[in-house]
Amino acid sequence: MRAMVYRGPYKVRVEEKVMPPIEHPNDAIVRVTLAAICGSDLHLYHGMMPDTRVGMTFGHEFIGVVEQVGSSVQNLKVGDRVMVPFNVYCGSCYFCVRGLYSNCHNVNPNATAVGGIYGYSHTCGGYDGGQSEYVRVPFADVGPSIIPDWLEDEDALMCTDALATGYFGAQLGDISEGDTVVVFGAGPVGLFAAKSSWLMGAGRVIVIDHLEYRLEKARTFAHAETYNFAEYDDIVVEMKKATDYLGADVVIDAVGAEADGNFTQHVTAAKFKLQGGSPIALNWAIDSVRKGGTVSVMGAYGPMFSAVKFGDAMNKGLTLRMNQAPAKRQWPRLFEHIQNGYLKPNDIVTHRIPLEHIAEGYHMFSAKLDDCIKPVIVPGA
Amino acid sequence: MPYTANHPPRAESNDELRARIPGWGADLDPKDRPSVPRERFDPSATGAHWDFPERQEEKWPRERSIEHKFLTPVFGTSSPPHGLSGVLRKFAYAKYSEGRAAHWLILLGADRVDAIESHLRSFATTRPDNPITETGVLSEFSRGGISSRFGKKRVDLNHQWIDPILIAGPWIAAVGAVVLGVRAIAKR
């Protein structure tokens, strides 16, 4: 089969790989029909995530058709069209039965601090991902769902991570009616978090980025006010001015490990890997939120330490909330919002790229070329 | 507004927001939010029909965190450890917990060793690594490399110049080392 393969930092290619076998009675093998490149895949691509091995296939956002099932699979059959959440999880451990699917204790031998994620290094379990023609899907009775007939493929694909994560991030903000919500980052997760904040009753939503084309999307897609932080000497002061010097009630970090805005922080983290991630957006979030407010962290960071301004968070009495999203837990409500016309997830898809051209897709997304927001990968195209 | 007990006044009322934003307030009640409360005990919700999953076959000694009691019943099988990078990875897992910086720094070092080993190994195959095609850098020409960068207020341009050095630097250094080595041998 054809599959994207990591060859070292900034290098990927498509190779012939052996078809994934059934390795556990509750496995399924899924023929991938659509996959996506996620902003967090870029952390792997840039060599930031420890134990990212040459030969691994990335891709934790994918949908497809069931090709084969293991002997204990009860809920899926060959030919089913399925969407697969980015979390690999068992459904039966202490964490799964409490809804913390992203924190499963039974699927990641490499680390206890993170659950299993498809195609996301051995630190997240060593599973090959879906930027491929076929993928092994463990716990087929737990993770995947049959895609409802009314749901379009690209909308289903966005539910596997980006939409579910943005929506979850807004929930972690514990938004109350009329709250002012600031979202750092106008990538897919930030756009969905901004859009979701309105669903939860925000009175004002502000999105901050430095890429003008993404801020334009935040205005049109997410109905948000926008600030380009490159135009201001100090974006924190601007947020204080914008909130009558109180600070925002809720701030969502939808940037994560490769945040821009401070050369030293970015370079020490993203280029020289001396931090788990560049904490610029997170520090701005801590400083922009009001005392007693809530910071929701959806941006992904590596397991190493980062220079976070924890003293400010403590002295301001902040609530910091964060987690990888338990994607499938969000789906029933997201389906309602999509059916009601409140959300149209594939509005953020900007590029559709054949699997064979995935190296160009990674470079374009990484370098922010061609107004790229969300690239979708099409195997067999 | 002076510092009083009041929240800054809102620019738009609920009705105005409802008229402007599709679905505004649909999840206003926390009970409608699927992850509120974040922990909700419900074993029947997941689809699992086991108390503890069957164990997947361990086809090679699978490296695992020493913070785990045992090898998890299910695990990924991508890219088994090999070569010097494999030795380093096994050492990092066997010796240091996730709480130790040494664990992660050794794994990051092993990643760089893995890349070098794999590049060298590729030269003994019919498909050696090609930094031009594998970096996708040709999309600079097809996807507006210049127009996407210049005339924009992008702050990432202040560090993008480092990328070619990080990517091409080791290749240039390796070629230089080979040239110097060959010359030194030729002079003998």
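None of the values given here were measured: they were computed from a predicted structure.

1. Some words on the pairing of strand β1 (residues 2-8) of chain A
Residues and elements named next belong to chain A.
Here is step 1: Taken across its 7 residues, β1 has 6 buried, putting it largely inside the fold.
Here is step 2: As judged from the 6 bridges shared by β1 and strand β2 (residues 11-16), these two strands associate in the antiparallel manner. Each residue of the ladder has a partner; that of R2, found in β2, is E16.
Here is step 3: Where β1 hands over to β2, the hairpin turn is made up of 2 residues, of which Y10 adopts a positive phi near 70°.

2. Re the interface of chain A and chain B
Here is step 1: At the junction of the two partners, chain A supplies 114 residues and chain B supplies 102 residues.
Here is step 2: Roughly 9,000 Å² is buried in total at the junction of chain A and chain B, and carbon and sulfur atoms are behind 53% of that figure.
Here is step 3: On the chain A side of the contact with chain B, R53, P109 and R329 of chain A bury the most area, a combined 7% of that side's loss.
Here is step 4: Between R13 of chain A and E134 of chain B there is a salt bridge; the shortest N-O distance is 3.0 Å.
Here is step 5: On inspection of chain A and its partner chain B, the count reaches 73 residue pairs in polar contact (both at pLDDT 80 or more).
Here is step 6: Those elements giving two or more residues to the side of chain A that touches chain B turn out to be β1, β2, α3 (162-172), α4 (188-199), α7 (263-271), β15 (319-322), α10 (327-339) and α11 (358-367) of chain A.
Here is step 7: Residue composition of the side of chain A that touches chain B, by class: 51 nonpolar, 38 polar and 25 charged.

3. Side note on the sheet that holds strand β12 (residues 225-228) of chain A
Residues and elements named next belong to chain A.
Here is step 1: Here we have 6 strands laid out as an open sheet, ordered β12-β11-β10-β13-β14-β15, and parallel in their pairing. Looking at strand neighbours, the two that pair on one side only are β12 and β15, the edges of this open sheet. Within the sheet, the average angular offset between the axes of one strand and its neighbour, ignoring direction, is 20°.
Here is step 2: Pairing of strand β10 (residues 180-184) with strand β13 (residues 248-253) involves 4 bridges; the strand directions are parallel. Note that in β13 the partner of V181 across the bridge is V250.

4. Considerations on α4 of chain A
All names here are of chain A.
Here is step 1: If you check α4, its first and last C-alpha atoms are 17 Å apart, about what 12 residues at 1.5 Å a residue would give, namely 16 Å.
Here is step 2: Counting buried residues in α4 gives 12 out of 12 residues, a clear majority hidden from the surface.
Here is step 3: P188, V189, G190, L191, F192, A193, A194, K195, S196, S197, W198 and L199 are the residues of α4 that are buried.

Here is what the cut-offs are and how they apply
- Residues numbered from 1 in each chain as written.
- Chains lettered and ligands numbered in written order.
- Predicted model: local features only at pLDDT ≥ 70, side-chain atom pairs only at ≥ 80, totals over all residues.
- Heavy atoms only, no water.
- Buried < 20%, exposed > 50% of the residue type's maximum accessible area, 1.4 Å probe, protein only.
- Helix = DSSP H or I, 4+ residues; strand = E, 2+ residues; numbered from the N terminus.
- Pairing = 2+ DSSP bridges.
- Contact = heavy atoms within 4.5 Å.
- Buried area = accessible area lost by both parts, 1.4 Å probe.
- Salt bridge = Lys/Arg side-chain N within 4 Å of Asp/Glu carboxyl O.
- Polar contact = N/O pair within 3.5 Å; in protein donor to acceptor, adjacent residues only side chain to side chain.
- Nonpolar A, V, L, I, M, F, W, Y, C, P; charged D, E, K, R; others polar.
- Axes fitted to C-alpha atoms, helices over the stretch in contact; angles between N-to-C directions.
- Expected span 1.5 Å × (residues − 1).

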